[in-house]
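# Chain and residue survey
Residues per chain are reported as follows:
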Amino acid sequence: MNRLKKYASLLLALVMALALAVPAMAGENEPGEGETLPDKVTVTVDPGMDGHSFSAFQIFKAEGQLEDAGALGNVAWGDGINAAKFVAALKNDATVGGAFSGIDDANPNAQEVAEAIGKYATDSNAAKIIANLADANKQDNGIALNEGENELAIGYYLIVDTTDELTGQDTFYNASLLQLTTSIHIRVKGEAPKVEKEVEDVNDSETGDPVWGTSADHDIGDHVKFKLTATLPSNFTDYEQYNLVFHDTLSEGLTFDEGTVTVKLVNGEGDAATTSTIEESAYTVTHENGKLTITFDDVTTIEGATNGSKIVVEYTATLNEQAQFINKNEVYLEYSNNPNHDGEGDKGTTPPTTVIVLTYKGIVNKVDGENKPLPGAGFTLYKYNAASEAEDKWELKTKIEVSDAADFTFSGLDDGWYKLVESETPAGYNTAADIYFKITAVHERTEDGTTGKVTGFTVTVTDENGTTKTFEEGKEPFTVVADTGEVSTSVVNNKGATLPETGGIGTTIFYALGGLLTVGAVVLLVTKKRMSADEK
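These figures come from a predicted structure and were not determined experimentally. Along each chain, numbering runs from 1 in the same order as the chain's sequence is written. Given that this is a predicted model, residues contribute local features only at a pLDDT of at least 70 and side-chain atom pairs are listed and counted only at 80 or more, while totals for whole chains, interfaces and linings are drawn from all residues. Each side-chain value is derived from all of the structure's non-hydrogen atoms; neither hydrogens nor water enter the calculation.

### Quick look at the nonpolar core
- Among buried residues, those of type Ala, Val, Leu, Ile, Met, Phe, Trp, Tyr and Cys that are joined through side-chain atoms within 4.5 Å constitute a nonpolar core. Here the term buried applies to any residue with accessible area under 20% of the maximum for its type, exposed to any over 50%, and partly exposed to those in between, with areas from a 1.4 Å probe on protein chains only. Counting residues in hydrophobic clusters, the biggest one holds 40 residues, and the most contacted among them are F226, L244, F246, F296, V299, I311 and Y315.
- Strands are runs of DSSP state E lasting at least two residues, helices are runs of H or I lasting at least four, and both sets are numbered from the N terminus onward. No other element matches the five residues that strand β19 (residues 310–319) contributes to this core.
- Here, two residues are considered to be in contact whenever any of their heavy atoms come within 4.5 Å of each other. Excluding residues that lie within four positions of it along the chain, F296 makes contacts with Y242, N243, L244, F246, V263, I278, A282, Y283, I302 and I311.

Pasting the structure below:
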């Protein structure tokens, strides 16, 4: 990008940078033609500067006689600048160099340099470049500016944020600025970027739009969608180069889905917001051992990026078999925090922000009619998927084959409706009726905001007659434990009824009865024959 576009807050001649506000703008306190400036001017530094310190480096001295309104007379070099290096840097700059090409940089004339600088408009990109080059070639320690009022001799000054080593959280330097001294007022107006993280919550058993928030519950195997939003600072355009890095850490229960990162630039709010896709060449993505890094070497090269713009990163991660009840996912930003350098030096960080993914556990205890453990069963768990296009929306979730165990655990459950089917029944026992149950949970954040908990954790059960009951923590026969995300119940098998078998006593009865009927038929036949003979 042209360097003209990279400097955005270093002011020239009575106008402060966006990082530092000046209530007295050009024209308000300027003497008229033929008037003289006073020997001293007042520079007021607001109290409560959050630990920031400022110094003034005099670039030009002046006797104060004005040839034109706002111009210094009898200009000479000040003590706060290395004149030869400053002029050499001006001449070598691709943007402003032409205006200084005829000046001897070995022994530069202060009046000539001042006149060349004066050709550029206040707050122009060229003026900001000149201020940056002055900052790079300042000398001595400058004049420390204390809170409240400070007196300076008239002149042309570079005012610099000289705070020591701002490398911690939410730290930033203010842009250096050039000031033709009348009475001025310094206020901090820079800021650090902000980062927000959200996770998408989807209930497969219900229709409706997904919900974004700081927590969500999911099934193991779900591709969980995350959103990272960085808001650029209000003085972003002060920077020649702006480095920005998302540092994202996934828990062991989340596996990053390679190739799913998308990045967009958002300007504006609400319905008036505009969104555009940021090309992949503008950033790099690396992932190793659960550490996901999205690096922007220079955000100023992204078309449309300006003060307050949002960079929105989305990606998915799979909830895997290592998932626990609470699975944390944390992000923080690393960013350039000194607009007076090229973006490669001073860096700050934001405080981390965390979202959580919850997944629940279902436990089935298989017992007989006397509530004793009963091995030899197998279970199949189905989940109702409202978005399924199949006629039968109950989808297979997990199948546990027959074993000698009497306890069965179904890990990694989302909220929504489930159907538990006893697919294998112990010999000699009746098959238990299907159990329909619904998991519902209300998520809350703890006070430190770094972990989560569940409140209002309930299970709703529908029996074979269509009757529904809701079970909360401490209610039987479902046991609900909100602190661990567990739902447990006992499934009872009763012994079957005794029925007659073929070839047993029942068959003998039929044989005996059949024999009696046969004898009776023979007797009746003989009697009828004798009666017929007597009639003859």
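Continuing now.
### Here we look at the packing of aromatic side chains
- Pairing of aromatic side chains requires ring centres within 6.5 Å, counting the rings of Phe and Tyr and the six-membered ring of Trp. Pairs whose planes differ by under 30 degrees are stacked, by over 60 edge-to-face, and all others tilted. Throughout the structure, instances matching the rule amount to 13 aromatic pairs.
- Residues F325 and Y360 carry aromatic rings whose centres are separated by 6.1 Å and whose planes lie at 45° to one another, so their mutual orientation is tilted. Of this pair, F325 sits in the loop between β19 and β20 (326–336) while Y360 sits in strand β23 (residues 360–368), and the two are 35 residues apart along the sequence. For the residue pair F325 and Y360, the accessibility class agrees, reading buried in each case.
- Lysine NZ or arginine CZ positioned within 6 Å of the ring centre and within 35 degrees of the ring normal marks a charge as sitting over the ring. Above the plane of the ring of F57 lies K138, whose end atom (NZ or CZ) is 5.8 Å from the centre.
- Sitting over the face of the ring of W212, K227 holds its NZ or CZ atom 4.4 Å from the ring centroid.

### So, the sheet that holds strand β32 (residues 486–493)
- Strands sit in the order β26-β23-β32-β31 across an open sheet of four strands; the sheet is mixed. Edge positions in the sheet fall to β26 (407–413) and β31 (479–481), since each of these pairs with one other strand and no more. Each strand axis lies, on average, 15° off the axis of its neighbour in the sheet, ignoring direction.
- Relative to β32, β31 runs antiparallel, the two sharing three bridges. Bridge assignment links V481 to a residue of β32, and that residue is E486. Only when DSSP finds a minimum of two bridges between them are two strands counted as paired. Fitting a line to C-alpha atoms yields each axis, with helices limited to the stretch in contact; the angle taken between N-to-C directions then spans 0 to 180 degrees.

### Structural notes on the pairing of strand β17 (residues 284–288)
- Across five bridges, the pairing between β17 and strand β18 (residues 291–296) is antiparallel. Bridge pairing in β18 places T286 opposite T293.
- Between β17 and β18, which pair antiparallel one after the other, the connecting turn spans two residues, and N289 there sits at a positive phi close to 50°.

### Re the packing of helix α1 (residues 83–92) against helix α3 (residues 125–136)
- Packing of α1 against α3 leaves a shortest axis separation of 9 Å and a crossing angle of 140°. Looking at the two axes, α1 sits oblique to α3. Note on packing geometry: the crossing formed by α1 with α3 is right-handed. Here F86, A89 and L90 of α1 lie close against α3, whose contacting residues are I130, L133 and A134.
- Gly is placed with the polar residues, together with every amino acid not listed as nonpolar (Ala, Val, Leu, Ile, Met, Phe, Trp, Tyr, Cys and Pro) or charged (Asp, Glu, Lys and Arg). Residues of the contact of α1 with α3, tallied by class, amount to six nonpolar, no polar and no charged. Under this scheme an angle from 65 to 115 degrees is roughly perpendicular, one under 35 degrees roughly parallel, and one over 145 degrees roughly antiparallel; angles in between are oblique. Throughout, a crossing is termed right-handed when the near helix is turned clockwise from the far one, and left-handed when it is turned anticlockwise from it by less than a right angle.

### A few points about unusual backbone geometry
- Here D140, not a glycine, exhibits a phi torsion of approximately 60°, which is positive.
- A residue is classified by how much of its surface remains accessible, and D140, at 57% relative accessible area, is exposed.
- In the Ramachandran plot, N289 falls in the positive-phi region, its phi being about 50° despite a non-glycine side chain.
- Within the secondary structure, N289 sits in the loop between β17 and β18.
- For N289, a relative accessible area of 72% gives the class exposed.

Function cannot be read off these values alone, since they describe shape.
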